[in-house]
Amino acid sequence: MDRMNFLSFLLLCLTSVASGNKANKHKPWIETEYQGIVMENDNTVLLNPPLFALDKDAPLHYAGEICGFRVHNGPSGSGSVQFEAVVLDRSTGEGLVRSKEPLDCESQREHSFTIQAYDCGEGPDGVNSKKSHKATVHVRVNDVNEFSPVFVERRYEASVPEGRLFDRIVRVEALDADCSPQYSQICFYDIITPNVPFAIDNDGNIKNTEPLDSKRQRVHTFWVTAFDCGKNRAQADTQVVVTVKPSCKPGWIGWTKRVEYTPGSGSVPLFPSLHLETCEETVWNIQATVELQTGHIGKGCDRDSYSDRSVRRLCGAVRGEVDLLPPPSPAANWTAALPTLPSSDSSLVFSFNGSSHVAAVPEPVVAALSGDHFTLQLWMRRGGASVQPATAPTRANRKEEETIVCSTVRNDDSFSHYSLSVHGCRLSLFYWPDVSAARPVKFLWKLEQVCDSEWHHLSLSVQFPSVTLYVDGVTFDPALIHDNGAIPNPAPLQRMFIGACWEPEEKQKEILNNTIPEGKDSVRYVGGYHGLLSGVTIRPGSVEPHSVVECLYACREGLDFGDLETLGSGMKVHVNPSQSVLVLEGDDIESFNRAVQQVTYRNSLRFATPGVRPLKLTTSLRCFSEESCLSLKQLEGYLVVLQPDAPQISLSGVGPHLARPAPEFEGPRGVPLFPELRIVCSLSHAVNTAAQGMEGGALMSDAVAHTLDGCEVQPLGEELNPEREELLVDMDVVRERGLEIINTTAYIAITGAESISVYEDVLRSVRYRLAKGSARFERRFRLSCSEMNGRYTSNELTLEVNFLHSLDSLYHPSHLLASQQQFLHPSHHAGELSGHTLPNPHRNSVVPGAATIIIMVCVGFLVVMVILGVFRIRSIHRRGEGARSGAKEGSSQWDDSALTIIVNPMESYESRMGISADTEGEGEEDEEVAESPDDAGDDQRIIIKKEGRDGNARRY
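Residues numbered from 1 in each chain as written. Predicted model: local features only at pLDDT ≥ 70, side-chain atom pairs only at ≥ 80, totals over all residues. Heavy atoms only, no water.

The chain carries the name Calsyntenin-3 in an unreviewed UniProt entry, which gives Betta splendens as its organism. Turning to the chain, the UniProt annotation filed under Sequence similarities (unreviewed entry) states: "Belongs to the calsyntenin family." (UniProt positions renumbered as here; feature names shortened; annotations may be inferred.)

> Even after reading the chapter, I still don't get the state of the cysteines, so can you show me in this structure?
What makes a disulfide is a covalent bond joining the sulfur atoms belonging to two cysteines. One pass over the structure, following the stated rule, counts 6 disulfides. Here Cys 105 is linked by a disulfide to Cys 179, with a sulfur-sulfur distance of 1.7 Å. Judged by the sign of its S-S torsion, about 90°, the cystine formed by Cys 105 and Cys 179 is right-handed. In this pair, Cys 105 is assigned in the loop between strand E5 (94-99) and strand E6 (110-119) and Cys 179 in the loop between strand E11 (174-175) and helix H2 (181-184), connecting sequence segments 74 residues apart. When its relative accessible area of 3% is taken as the criterion, Cys 105 is described as buried. Disulfide pairing is shown between Cys 711 and Cys 785; the S-S distance is 2.0 Å. (Disulfide = S-S within 2.5 Å. Helix = DSSP H or I, 4+ residues; strand = E, 2+ residues; numbered from the N terminus. Buried < 20%, exposed > 50% of the residue type's maximum accessible area, 1.4 Å probe, protein only.)

> Just checking my understanding: could you explain the nonpolar core for this structure?
The tendency in soluble globular proteins is for nonpolar side chains to be buried side by side. Within the largest apolar cluster, 41 residues are counted, with the highest numbers of intra-cluster contacts made by Leu 376, Ile 498 and Leu 533. Each residue touching Leu 533, except ones within four places of it in the same chain, is listed here: Leu 325, Leu 348, Val 349, Phe 350, Phe 352, Leu 378, Trp 379, Met 380, Ile 404 and Ile 498. Core analysis: the next-biggest nonpolar cluster, separate from the first, contains 37 residues, Leu 658, Leu 673, Leu 739 and Leu 799 among them. (Core = buried A, V, L, I, M, F, W, Y, C linked by side-chain atoms within 4.5 Å. Contact = heavy atoms within 4.5 Å.)

> Could you clarify how one ought to interpret the sheet that holds strand E1 (residues 33-39) in this entry?
Adjacent strands of a sheet pair through backbone hydrogen bonds, lying either parallel or antiparallel. With mixed pairing, 5 strands are arranged side by side in an open sheet as E2-E1-E7-E6-E3. The strands lining the two open edges of the sheet, one partner per strand, are strand E2 (46-48) and strand E3 (66-73). For this sheet the average axis-to-axis angle between neighbouring strands, irrespective of direction, equals 30°. Note: E1 against strand E7 (residues 135-142), 7 bridges, orientation parallel. When the sheet's bridge partners are listed, Met 39 is paired in E7 with Asn 142. (Pairing = 2+ DSSP bridges. Axes fitted to C-alpha atoms, helices over the stretch in contact; angles between N-to-C directions.)

> How do you make sense of the side chain of Glu 557 when you look at a structure like this?
Inspection of the secondary structure puts Glu 557 in strand E39 (residues 557-561). According to the relative accessible area criterion, Glu 557 is buried, its value standing at 1%. Engagement of the side chain of Glu 557 in a polar contact is seen with the side chain of Tyr 601, the distance being 2.4 Å. Polar side-chain contacts of Glu 557 include one of 3.1 Å to the side chain of Arg 613. If sequence neighbours within four positions are ignored, Glu 557 has contacts with Thr 294, Ile 297, Cys 301, Asp 302, Ser 578, Gln 579, Tyr 601, Arg 602, Asn 603 and Arg 613. (Polar contact = N/O pair within 3.5 Å; in protein donor to acceptor, adjacent residues only side chain to side chain.)

> Can you walk me through the pairing of strand E51 (residues 725-728) in this structure?
Across a regular strand the side chains alternate sides, sitting on one face of the sheet and then on the other. Burial of the side chains of E51 is restricted to one face: Glu 725 and Leu 727 are buried, whereas none of Glu 726 and Leu 728 on the reverse face is. In this sheet, strand E54 (residues 767-770) lies alongside E51 in antiparallel orientation, the contact comprising 4 bridges. Following the sheet pairing, Leu 728 is matched in E54 by Arg 767.

> Can you walk me through the sheet that holds strand E43 (residues 611-623) in this structure?
Ordered by their spatial adjacency, 6 strands build an open sheet running E18-E44-E43-E21-E41-E40, and the pairing between neighbours is mixed. Of all the strands in the sheet, just strand E18 (258-261) and strand E40 (572-575) have a single pairing partner and so form its edges. Put simply, the sheet's adjacent strands are angled 20° from each other on average, direction ignored.

> So what exactly am I meant to see when it comes to the environment of Pro 661 here?
Within the secondary structure layout, Pro 661 lies in strand E46 (residues 657-661). With 142 residues separating them along the chain, Pro 661 and Phe 803 place their C-alpha atoms 5.6 Å apart.

> Would you mind going over the environment of Asn 411 with me for this structure?
As for its placement among the helices and strands, Asn 411 is situated in strand E27 (residues 402-411). Asn 411 has contacts with Ser 370, Gly 371, Asp 372, Ser 416 and Pro 433, leaving out every residue within four places of it along the chain.

> Is there a simple way to explain the environment of Asp 119 in this structure?
Note on placement: Asp 119 falls in strand E6. Distance from Asp 119 to Ser 129, taken between C-alpha atoms, is 5.5 Å for residues 10 residues apart in sequence. The residues contacting Asp 119, other than those within four sequence positions of it, are Asn 24, His 26, Pro 28, Asp 55, Tyr 62, Ala 63, Glu 65, Ile 66, Cys 67, Ser 129 and Lys 130. One polar contact links the side chain of Asp 119 to the main-chain amide nitrogen of Lys 130, over a distance of 2.7 Å.

Rendered as structure tokens:
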């Protein structure tokens, strides 16, 4: 029995052990990584996600419960001693991480460690407990604004000269010991001393808000504090001491960067209050250079905005020049293949690329240029449209000459050859007086103007062996080179090229399409020019005088000196020919300051080109002590030319309608279209009416003398039919005035710079002529004029011409309006006006419309009188019967005091048309005569017009 009890107990123990091992089957589970935040001076860590350990053995007692967490060292080997993890709820596995002591952000801002959870095992003693995997925990310590800013220095000192404003005099600096950017940065500084002429920015830079004066206060002392971004003020403020030093800055005083110029103001001083301060430094020479940049205005400066031909006329140049680069046209097609560029004036700018652009002047044009006396003029700009600043010539860019003009012309029984070329900064004229006998001569000029990539005017006057070159109106003497080596003689063949030259004759072929063939054939032409050309003209015969050359180049704007008589002793003034650079030189400060204030800008153009002209002033000083001599920086400003008052060109004196009989237009001279034309140019400008006690403003118009440069007469609607109509102009007047005319079927254009009176005379001579038998009723024309190259245009004057066609060769409708005896009955229009065309009233014909109205009024008046006559005849008969029956004599008497004779107005017309009275009276005629009982001697006849059955008029 005892043995059985022992076995039962043993079996129960084994069963208990077996069942206990099966209770704790799973390990606890936690997240793999946690992010934690802890405030500085605190110990509780807030984890994300929260710390929970899970066990799949739950809800078993012990095996499904979490008994604790273990903290292990992180990757850096630190952190385990500072943090611990505790279990808040064993059944849910919730835990808490905390630091063992308050954390300091300034010492260590981030901490990392690992954490591991374990369950309670199989019993209260924790036997066979299981551990989870290790999870990484990152803890960041949030800063607390516990420190205040501290200045690096307790006192800051600086010294500045007086009379100037500084962006920075001294910089103060404060630091904050907090670890976070939020609390460690200094957000702003503040000057706590009131009423000081200083300001401080957020970086601690102190500047003065007004110029300091050492005489008023030599030392400025003030206090500055700082604030961090947590608004903690500095523990201690810092002191700033600024010492003002008496100083003198040498330089120009009174410089105005912007200067405005109103067109028409004449000469205006540029520096009216400018003077030089040398700070009592002894100088023995002063030189100031004033530079006005006008290269972007037209061709180097503001000039007359007329065509080159018009400018030549205005300058008094001798006529007879030949345009070598004319605008492309059917008559001048050798420039059609050349690219052109827009120009601010009326001239046409041609571009040459140095390889494929060349103009071959036709032989008939070259044949007119014979002789060894000629003047060649042109505008030149090296480098093309897009140019870079000029650089020093190198061997690479000087290896080949660029030919501008190359020509061989016939001189009586011989041929001469010349070519104008540029080579680096050299201009050369290669002249061969006789290609069969004489040796060539080379004229050479070294010029900076050739290679500065700016517009320049060249005038070459050749009176071999004398050659004169004008560049921008200035004369330059050449260097002669007679030994030019073994150069083959040019072929005696008359030709001229612009933009290149040809190789010797044996290598040449025909030119195709006015271009230099590319590829293997491109070597047939050498010396291709790369740049821009404009106004290339040549005039054979006598050379141009110097005054004409200066006028052709003359700039209408530039620098000038006010009054040379007021120039002090020792002063010198020099102005370059283009008047863009003025140099003053002297040794006395006072005289120099007065001279600078006399420098002026002038623009003689009434309608100056508006825009900005950069202005520079460069000064150099020479002292007795060169080591300590003053150095002044270059001053830069700009001159603004304001928009000029626009002129108003008014065309008047011509009515909107011109009515004339058609035969007048068919005459040999036609009819003048604008016989009483009047052209007036005026300027409208604002008037200050406030000074005159008036409200608002007003515009005043002043009539001024202008120069027109073109007028155009254009037929509206269809173009002129050359077989039936034409516009005539007095060519003698046009040639006498040197104007040009283009007469086409679409328009007639008269161009050239001339006065208004000349254009009035020319336009008044414009006549319109019709061919005989032209059945036209009206024609409209439009007239307009312009000046300054189309910059300002006139009003458009429209004229409607009405052609009055007559009924026969003697009379026309205007006589019908003048005489009341000529009358057309409506029933006679079809037969009597056969073969004539009356103006259509719906085509704006004024005179035929008026005639129709008068005819209708006459017909109506005739009908009324006929009715009145019939009524009175009947009354007479009734009164006669009453008188015979013994009625009272005056009871029904007819008052005939107002009786008049009505005459048919068609009688005179029919008599003119040759219609006889016998033919007119083929029908029955009845004539009723009524005698008045009161006045038997007054024979009053009433003629009443009736119509017979055949519709013909009858007389009564």
